[in-house]
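Here is what each chain is made of, one letter per residue.
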Amino acid sequence: MIEAETIPRIDGFQGTLFDRNHPGYDEARRVYNGMFDRRPLLVARCSSADDVIAALAYARRERLPVSVYGGGHAVTGLAVCDDGLCVDLRGMKGIAVDPVARTCRAGAGLTWGEFDQATAAHGLAVTGGRATSTGISGLALGSGSGWLERKMGFTCDNLIKVELVTADGREVVASEIENPDLFWGVRGGGGNFGVVTAFHFRLMQLPARLLGGALVYPVEMAAEVIRNFRDVFPGAPDEVGGAISLTSTPDAPIFPSSVRGRAAVLVHLLYAGEYEAGEFATAAIRAFGPPAADLVGPTSYVQFQATTPLFPGSRNYWTADFYDDLPDEAVDILAVAARDPISPHTNIFIAPGGGYASRIPEDANAFGERRALFNIHFLASWQDASFDAEGTRRIKAVSTAMKPWSTGRVYLNYIGNEGQARIDNAFGPTKVARLRELKAKWDPENFFCNNQNISPTGQR
Ligand SMILES: Cc1cc2nc3c(=O)[nH]c(=O)nc-3n(C[C@H](O)[C@H](O)[C@H](O)COP(=O)(O)OP(=O)(O)OC[C@H]3O[C@@H](n4cnc5c(N)ncnc54)[C@H](O)[C@@H]3O)c2cc1C
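All values reported here derive from a predicted model rather than from experimental measurement. (Residues numbered from 1 in each chain as written. Predicted model: local features only at pLDDT ≥ 70, side-chain atom pairs only at ≥ 80, totals over all residues. Heavy atoms only, no water.)

Moving on to the domain arrangement of the protein chain. Once the domains are mapped, the protein chain shows domain 1 (16–88), domain 2 (95–205) and domain 3 (210–414). When each unit is reduced to the centre of its C-alpha atoms, the spacing between domain 1 and domain 3 is 33 Å. Listed by partner, the interface residues are five residues for domain 1 and 11 residues for domain 3. When the two sides are added together, the surface that domain 1 and domain 3 hide from each other amounts to roughly 740 Å², 60% of it contributed by carbon and sulfur. For domain 1, the biggest contributors to the area lost against domain 3 are Tyr32, Met35 and Val75; these three give 75% of the whole. The interface formed by domain 1 and domain 3 contains zero salt bridges. Viewed at the interface, domain 3 and domain 1 are joined by five residue pairs in polar contact (both at pLDDT 80 or more). In the side of domain 1 that touches domain 3, the residues fall into three nonpolar, two polar and no charged. (Domains from an automatic or database assignment. Contact = heavy atoms within 4.5 Å. Buried area = accessible area lost by both parts, 1.4 Å probe. Salt bridge = Lys/Arg side-chain N within 4 Å of Asp/Glu carboxyl O. Polar contact = N/O pair within 3.5 Å; in protein donor to acceptor, adjacent residues only side chain to side chain. Nonpolar A, V, L, I, M, F, W, Y, C, P; charged D, E, K, R; others polar.)

A separate point is the site of the ligand. Near the ligand, the surroundings consist of 34 residues, among which Val68, Gly70, Gly72, Ser145 and Val196 are the closest. The backbone of Gly72 places a nitrogen or oxygen atom 2.8 Å from an oxygen atom of the ligand. Between an oxygen atom of the ligand and a main-chain N or O atom of Asn450, the distance comes to 3.1 Å. For the ligand, the protein covers 94% of the area, taking 950 Å² as the surface of the free molecule. Secondary structure elements with two or more residues in the shell around the ligand: strand 3 (66–69), helix 4 (136–141) and strand 10 (195–202). If you tally residues by element for the shell around the ligand, the top one is helix 4, at four residues. Among the residues forming the shell around the ligand, the class breakdown is 17 nonpolar, 16 polar and one charged. (Near = heavy atom within 4 Å. Areas by Shrake-Rupley, 256 points an atom, 1.4 Å probe, with all protein chains shown as cover. Helix = DSSP H or I, 4+ residues; strand = E, 2+ residues; numbered from the N terminus.)

Ordered by their spatial adjacency, four strands build an open sheet running 1-2-4-3, and the pairing between neighbours is mixed. Strand pairing shows two members of the sheet lacking a second neighbour, strand 1 (16–19) and strand 3, which therefore form its edges. Direction aside, the axes of adjacent strands within the sheet are offset by 20 degrees on average. Of the pairings in the sheet, the one linking strand 3 to strand 4 (residues 85–88) comprises four bridges and is parallel in character. Within strand 4, the position partnered with Tyr69 by the bridge is Asp88. Along the sheet, helix 2 (residues 49–62) makes contact with strand 2 (42–45), strand 3 and strand 4, crossing strand 4 at roughly 170 degrees. (Pairing = 2+ DSSP bridges. Axes fitted to C-alpha atoms, helices over the stretch in contact; angles between N-to-C directions.)

Strand order in this open sheet of five strands is 5-6-10-8-9, and the pairing throughout is antiparallel. Unpaired on one side and paired on the other, strand 5 (95–98) and strand 9 (171–175) mark the two borders of the sheet. Strand after strand, the sheet turns through a mean of 15 degrees between neighbouring axes, direction not considered. Here helix 3 (residues 112–120) sits on the sheet and contacts strand 5, strand 6 (103–107) and strand 10; the angle it forms with strand 5, its principal contact strand, is near 30 degrees.

Within the structure shown, the criterion is met by 16 aromatic pairs. Relative to Phe349, the ring of Trp147 lies with its centre 6.1 Å away and its plane at 65 degrees, an arrangement referred to as edge-to-face. In this pair, Trp147 is assigned in the loop between helix 4 and helix 5 (149–152) and Phe349 in strand 18 (residues 347–352), connecting sequence segments 202 residues apart. The burial state of Trp147 is the same as that of Phe349; both residues are buried. With a centroid separation of 6.5 Å and an interplanar angle of 35 degrees, the aromatic rings of Phe154 and Tyr411 are classed as tilted. Residue Phe154 is found in the loop between helix 5 and strand 8 (159–165), and its partner Tyr411 is found in the loop between helix 12 (388–402) and helix 13 (420–425); the two are separated by 257 residues along the sequence. Here the two residues Phe154 and Tyr411 agree in accessibility, since each one is buried. Of the aromatic side chains, those joined through ring pairs into one cluster are Phe154, Phe322, Phe367, Tyr411 and Tyr414. Taking the ring centre of Phe183 as reference, the NZ or CZ of Arg187 above it sits at 3.8 Å. Between the NZ or CZ atom of Arg209 and the centre of the ring of Tyr275, over which it lies, the distance is 4.0 Å. (Phe/Tyr/Trp six-rings, centres within 6.5 Å; stacked < 30°, edge-to-face > 60°. Buried < 20%, exposed > 50% of the residue type's maximum accessible area, 1.4 Å probe, protein only. Lys NZ or Arg CZ within 6 Å of the ring centre and 35° of its normal.)

So, in structure tokens, the structure goes:
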């Protein structure tokens, strides 16, 4: 075992090593969720797949636990582990777009902001995370929900290949042709099977001028706005992307006083097609009562992607469930919660199902829930550690009150450390069994366990 004071060397490693004495150590180990302050022995910022291989070999030799850092946005904080080696992919940000084939090869350390900029330069996009700073890696491996999912499917549905370093240090490719079992598992099964160093995506052409933005309603209208959204959205054309946010608006002049700096209901809309067609297709949603602020208008995909507010370092407790229906009783629970926000940055985010994503065969990949009509993300966020117990208790209470209507399936990218049963519920028993077999084949010793873990035996 290495000592904390030893300045380590990794043979052949070309990237940057941050040990506990390095001036960049604290920045390198920081994750989005301020609840976690883990102190690895070493952060190995890799510049290539060879660096990943060298770092993993070093960790094995020194018997160090390993974590993998894509963008550090998992609410679990598991990109970093205590007293171990963090394989940091943020040195791997190369992206090559093939505008003719409409594909790209993207380095595993890219954020969605960086990725979107590069593909938008060619008028192309893939379903991506709704925040610019989220890593493409963790999001895509956990399936990936975004504004384009009703048109294109989840992020993982658009993967054509991954390059991956296995637990025993081999560099392999997984696609429909090479290692198809592994390819099935990495699309939704998280980072359980190896370190993905590059993702190859199929991309979609998008017009430069899109219809997008938010309709902002006073919180007193929450129940009727949610009911309208519930009734209209699931049957909307595939091109209509959107969601509801039960949150608070900033104190900004763009909002009239009835919705400025206070609890409000935001109906987000993005039409993935020609602007004029978008006006027509979203008419039923927009026709519902006049909003206090209508911020829907011309935008670009990159601009729209950058509208999600970011609070890095804030303290977060998240949970999530899928729903087949939101009867009025369930809507009323949400409306009450909307009127009494836990904190200004708390956001109960209701994403609609339907569209192309719901028509992809269930067994296409590991992702476990395509048919649900709603995915609700209970996202509570605050600044002060003294509020941890209260904030956590209150958001859990809302999600618990909603359980009677959940499908029992869980959206893995939106949950924290909630135990093995919840991880298994993301997939259902048949897929869990298949994922365990895959784990036994590709990582029998559960070397990669700092994640939403699927172990060969079901025990961590
Ligand atoms: C502000 C914000 C907005 C979000 N918006 C969305 C959204 O719109 N849609 C959505 O689906 N999710 C969203 N999420 C959740 C997000 O998808 C997950 O948090 C995801 O894990 C983040 O990926 P990351 O690479 O940043 O995370 P990390 O914390 O770096 O990694 C997450 C997990 O994956 C593992 N991992 C990461 N990269 C690799 C790799 N290359 N190979 C193997 N394992 C790896 C890590 O070990 C870790 O366990 C959001 C999160 C935040 C904080």
